[in-house]
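One-letter residues, chain by chain:
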Amino acid sequence: MKTIKILGTGCMKCEKLEQSARQAAEEMEIEFTIEKVKDLNKIMDYGVMMTPALVVDEEVKSVGKILDPDEIKKYLK
Amino acid sequence: MSSCNCGNSNIKIIYACSGASDVGSLSDLAARKLRDEKIGAMSCLAAVGAGLSGFIESAKAADKCITIDGCPVACAKKNLEKIGVTPKSFIITEMGYEKGKTSINETTVNEAVSIIKNNICG
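Quantities reported herein were computed from a predicted structural model and do not represent experimental measurements.

Participant: I tried to follow the overall build of chain B on my own but got confused; where do I start?
Facilitator: If you tally the helices and strands in chain B, you get five helices and four strands. In terms of overall size, chain B behaves like a compact globule, its C-alpha atoms giving a radius of gyration of 14 Å where 122 residues would be expected to give roughly 14 Å. Its C-alpha atoms give chain B principal-axis dimensions of roughly 45 × 25 × 25 Å. Expressed as a percentage of its 122 residues, the buried residues of chain B come to 43%. Residue pairs in contact within chain B that sit at least 24 positions apart in sequence constitute 63% of those at least 6 positions apart.

Here is the structure:
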């Protein structure tokens, strides 16, 4: 089970990163949960200075970027 | 980060060595003043050294990282280089301050900040 979190306050870029992450996980046919973290204090707890950010199993994988599903797949292996 | 900054294309992050010496202290105070003047955001060097992923990925994603070290040992600069980031480096002792002989007061902090601000580009 992979735990995916999208850090960001909910703008279009955050939404797009969430869609990419969901698509990547579904195409890999893995079990996953996905959570949007919009609270700035919680985002700051990760040390993230730019959003959107992708977190997999509590490790920050990318900051300030929209990744496509193929780029995200390498973080879900 | 005080609000959504998605798409912000000019992120500068400032790191101070915050070392134990007087010049380490000056590096820290200068970094905080630069942050307060909105020259850049300040982040935690210790977290980078500890290998915390959010801090490391933020440094890698920033447009510019600025390190302020007290002395030529340059721990802040080396911490960033260790994760593959080449920062714009400032060293307090190269600004005319001597380790162990520097008074920490408003004047010295303002002087250091002024030197950094005048040389931050490039």
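Participant: Whenever I open this one, the overall build of chain A confuses me. Can you help?
Facilitator: A count of helices and strands for chain A gives three helices and four strands. Starting at the N terminus, the α and β elements of chain A follow one another as β-α-β-α-β-β-α. On C-alpha atoms alone, chain A measures out to a radius of gyration of 11 Å, which is about the 11 Å that the 2.2 N^0.38 rule sets for 77 residues. Expressed along its principal axes, the backbone C-alpha trace of chain A runs to roughly 30 × 20 × 15 Å. Residues counted as buried form 39% of the 77 residues belonging to chain A.

Participant: Help me understand the interface of chain A and chain B in this model?
Facilitator: Accessible area lost on assembly of the parts is the figure often given for the size of an interface. Each side of the interface is counted separately: chain A has 20 residues, and chain B has 20 residues. Per-element accounting of the side of chain A that touches chain B gives the leading share, four residues, to strand β4 (residues 59-63) of chain A. The class makeup of the residues in the side of chain A that touches chain B is eleven nonpolar, six polar and three charged.

Participant: Help me understand the pairing of strand β2 (residues 32-37) of chain A, please; the structure alone is not making it clear to me.
Facilitator: In the case of a regular strand, side chains alternate between the two sheet surfaces. Residues and elements named next belong to chain A. Examined bridge by bridge, strand β1 (residues 2-7) and β2 share six bridges and lie parallel to one another. Its bridge partner being in β2, Leu-7 is matched across the sheet by Val-37. Running through helix α1 (residues 12-28), the crossover from β1 to the neighbouring parallel element β2 is right-handed.

Participant: Hey, could you run me through the packing of α1 of chain A against helix α3 (residues 69-76) of chain A in this one?
Facilitator: Two quantities define a packed helix pair, namely the angle between the axes and the distance from one axis to the other. Residue and element names in this part refer to chain A. Between α1 and α3, the least distance of the axes is 8 Å, while the angle of their chain directions is 65 degrees. Here the hand of the crossing between α1 and α3 comes out right-handed. On the side of α1, the interface is formed by Ser-20, Ala-21, Gln-23, Ala-24, Ala-25, Glu-27 and Met-28, while α3 contributes Pro-69, Ile-72, Lys-73 and Leu-76. When grouped by side-chain class, the residues that make up the contact of α1 with α3 number seven nonpolar, two polar and two charged.

Participant: Would you take a moment to explain the nonpolar core for this structure?
Facilitator: The tendency in soluble globular proteins is for nonpolar side chains to be buried as a group. Counting 52 residues, the largest nonpolar core has Val-48 of chain A together with Ala-30, Ala-59 and Ile-68 of chain B as the members making the most contacts within it. In terms of residue count, helix α1 (residues 22-36) of chain B provides more of this core than any other element does, six residues in total.

Participant: Whenever I open this one, the sheet that holds strand β3 (residues 64-69) of chain B confuses me. Can you help?
Facilitator: Strand pairing in a sheet takes place through backbone hydrogen bonds and is either antiparallel or parallel in direction. Residue and element names in this part refer to chain B. One open sheet accounts for four strands, arranged β2-β1-β3-β4; its pairing is parallel. Where the open sheet ends on each side, the last strands, each with one partner, are β2 (41-42) and β4 (88-91). As defined by bridge partners, strand β1 (residues 12-16) adjoins β2 across two bridges and the pair is classed as parallel. Following the sheet pairing, Ile-14 is matched in β2 by Met-42. Against the sheet, α1 makes contact with β1, β2 and β3, and its axis sits at roughly 160 degrees relative to β1, the strand it touches most.

Participant: Honestly, the sheet that holds strand β3 (residues 53-56) of chain A in this entry has me stumped. Any pointers?
Facilitator: All names here are of chain A. Strand order in this open sheet of four strands is β2-β1-β3-β4, and the pairing throughout is mixed. The open sheet is flanked by β2 and β4, the only strands paired with a single partner. Strand-to-strand twist in this sheet, taken as the mean axis angle between neighbours without regard to direction, amounts to 20 degrees. Pairing between β1 and β3: four bridges, direction antiparallel. Looking across to β3, one finds that Ile-6 is bridged to Leu-54. In this fold α1 packs onto β1, β2 and β3, with an angle of close to 165 degrees to the strand it touches most, β1.

Participant: When you look at the environment of Met-44 of chain A in this model, what are you seeing that I'm missing?
Facilitator: All names here are of chain A. Among the structural elements, Met-44 can be located in helix α2 (residues 40-45). On the basis of neighbour counts, which here come to 14 C-beta atoms within 10 Å, the residue Met-44 falls in the partly exposed class. As for Met-44 and Phe-32, which are separated by twelve residues in sequence, their C-alpha atoms are 24 Å apart.

Reading the values: the criteria
Per chain, residue numbering runs from 1 following the sequence as it is written. Written order decides the labels, with chains lettered from A and ligands numbered from 1. Side-chain atom pairs in this predicted model are given and counted only at pLDDT of 80 or more, local residue features only at pLDDT of at least 70, and totals for whole chains, interfaces and linings cover all residues. Numbered from the N terminus, helices here are DSSP runs of H or I no shorter than four residues, and strands are runs of E no shorter than two. Restricting the calculation to C-alpha atoms gives the radius of gyration, and the globule rule supplies 2.2 Å times the number of residues raised to the power 0.38. Burial in this document is a count-based property: other C-beta atoms within 10 Å of a residue's C-beta are tallied, and the residue is buried at 20 or more, exposed at 12 or fewer, or partly exposed in between, with C-beta positions derived from the backbone. A pair of residues counts as a contact when their C-beta atoms, built from backbone coordinates, are within 7 Å of each other. Ten residues, namely Ala, Val, Leu, Ile, Met, Phe, Trp, Tyr, Cys and Pro, are considered nonpolar, four, namely Asp, Glu, Lys and Arg, are considered charged, and the remaining ones, Gly among them, are considered polar. Strand pairing requires that DSSP identify at least two bridges connecting the strands. Seen with its strands pointing away from the viewer, a crossover is right-handed if its path from the first strand over the helix to the second goes clockwise. Axes, fitted as lines to C-alpha atoms, cover a helix only where it is in contact. Angles between the N-to-C directions of the axes lie from 0 to 180 degrees. Throughout, a crossing is termed right-handed when the near helix is turned clockwise from the far one, and left-handed when it is turned anticlockwise from it by less than a right angle. Think of a nonpolar core as buried Ala, Val, Leu, Ile, Met, Phe, Trp, Tyr and Cys residues, each tied to the set through C-beta atoms within 7 Å.

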